[in-house]
Amino acid sequence: MKWENNRESDQVEDRRSQPGGGFGGGRGGGGRNIGLGTIAVALVAGWIFGINPMTILGALSGGDLSPAAQVETSQGPAQAPTDDMGRFVASVLGGTEDVWGPMFQQAGSTYQKPRLVLFRGATPTACGTGQSAMGPFYCPGDQKVYIDLSFYDTLRTQLGAPGDFAQAYVIAHEVGHHVQNLLGITGKMDEMRGQVSQREFNAMSVRVELQADCFAGIWAHHNQKTGNILEPGDVEEAMNAAAAIGDDALQRKSQGQVVPDSFTHGTSEQRQRWFNSGLKTGSVQACDTFKSASL
């Protein structure tokens, strides 16, 4: 992926060198070490069953990770990243801004840029204490994307999805959730929680996640048109990442069987297909998973 000469976003908060206020890399709220096995459990359970990984990590580490239990930290002003990986993230985020800003403007609205937080171990968020074991996530409460870059090691070594374009896809997907928040989709989902059965809510969640995949494809489509960012094998990297985190693939890996009613993100094939829909068309209309009869 050709990213070095692209515009870097100024919306990146680099907290990696800041004191954690009692948080250490790889430690949970209760202070017990969280090993690699626990991280895998939290990631897989969160992706498959729709369980908030904060809750999982809280139970496994003996800590309370609810929003009310956020730890106050003595953090100074966040600095812009200067290392290659930090600049890569800033470049990808800048690319999402260059796509969604004009698209919102064409629709008569203003795109509110999300901030992206780089952290290590754990960090306070408006959604509770963010843990590296959660993987990348978007918090609508503060409109920020959070990522501990060690997740990319997990993506490469445990999930078999290496490559810089696969890493960029992950960021573009989380920004897709921010776009959904701005469009009111996130709020509507919250309203439905408790009003429908868990099976019905899971099915709705699948449509939300597949739309975020499609929105990631829109980012790739327009950045390729304007910046020619794609190199041979890049699309395959994104497709491989989408397949690796499909509900069916993760369930087979974690429990040896597939339970479709518990899907919350979509199958590998669905995630690939919807990303590809956004990539080919660059159109928000092509990403309407809620009106699609077949996913």
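Structure shown above.
Residues numbered from 1 in each chain as written. Predicted model: local features only at pLDDT ≥ 70, side-chain atom pairs only at ≥ 80, totals over all residues. Heavy atoms only, no water.

Once that is clear, we can look at the overall build of the protein. A count of helices and strands for the protein gives 10 helices and 6 strands. Residues classed as buried in the protein amount to 52% of the 295 residues present. Nonlocal contacts in the protein, meaning residues at least 24 apart in sequence, comprise 76% of its contacts between residues at least 6 apart. (Helix = DSSP H or I, 4+ residues; strand = E, 2+ residues; numbered from the N terminus. Buried < 20%, exposed > 50% of the residue type's maximum accessible area, 1.4 Å probe, protein only. Contact = heavy atoms within 4.5 Å.)

By the element assignment, T186 lies in helix α6 (residues 185-192). Linking T186 and V208, residues 22 residues apart in sequence, is a C-alpha distance of 8.4 Å. Ignoring any residue separated from it by four or fewer positions in sequence, one finds T186 in contact with P140, H177, Q180 and N181.

The description of two packed helices rests on the angle between their axes and on the distance between the axes. Interhelical geometry of helix α3 (residues 84-106) versus helix α7 (residues 198-227) gives an angle of 95° and a closest axis separation of 9 Å. The orientation of α3 relative to α7 falls into the category roughly perpendicular. Between α3 and α7, the contacting residues are V92, G95, T96, V99, W100 and M103 on the first element and F215, I218, W219, H222 and N223 on the second. Looking at the contact of α3 with α7 residue by residue, the class counts come to 7 nonpolar, 4 polar and no charged. (Axes fitted to C-alpha atoms, helices over the stretch in contact; angles between N-to-C directions. Parallel < 35°, antiparallel > 145°, perpendicular 65-115°, else oblique. Nonpolar A, V, L, I, M, F, W, Y, C, P; charged D, E, K, R; others polar.)

Let's shift gears to the pairing of strand β4 (residues 128-131). As defined by bridge partners, strand β3 (residues 122-125) adjoins β4 across 4 bridges and the pair is classed as antiparallel. From the neighbouring strand, A122 faces β4, where its bridge partner is Q131. Hairpin connection of β3 to β4: 2 residues between the antiparallel strands. (Pairing = 2+ DSSP bridges.)

Let us look at the state of the cysteines. Scanning all chains against the criterion turns up 2 disulfides. Disulfide pairing is shown between C127 and C139; the S-S distance is 2.1 Å. Classification of the bridge connecting C127 and C139 rests on its S-S torsion, roughly 95°, and on that basis the disulfide is right-handed. With a gap of 12 residues between them, C127 in the loop between β3 and β4 and C139 in strand β5 (residues 137-139) connect regions that are remote in the sequence. We classify C127 as partly exposed; its relative accessible area is 24%. (Disulfide = S-S within 2.5 Å.)

Moving on, we get to the packing of aromatic side chains. Ring pairs (aromatic) are described by centroid distance and by the angle formed between their planes. Counted under the stated rule, the structure contains 7 aromatic pairs. Between F165 and W219, the ring centres sit 5.5 Å apart and the planes meet at 25°, which makes this aromatic pair stacked. Pair noted here: F165 is in helix α5 (residues 164-182) and W219 is in helix α7, with a separation of 54 residues, a long-range link. By the burial criterion, F165 is buried, and W219 matches it. The interplanar angle of 85° and the centroid separation of 5.5 Å between the aromatic rings of Y169 and F275 together place this pair among those described as edge-to-face. Of this pair, Y169 sits in helix α5 while F275 sits in helix α10 (residues 268-281); the two residues are 106 residues apart in sequence, bridging distant segments of the chain. (Phe/Tyr/Trp six-rings, centres within 6.5 Å; stacked < 30°, edge-to-face > 60°.)

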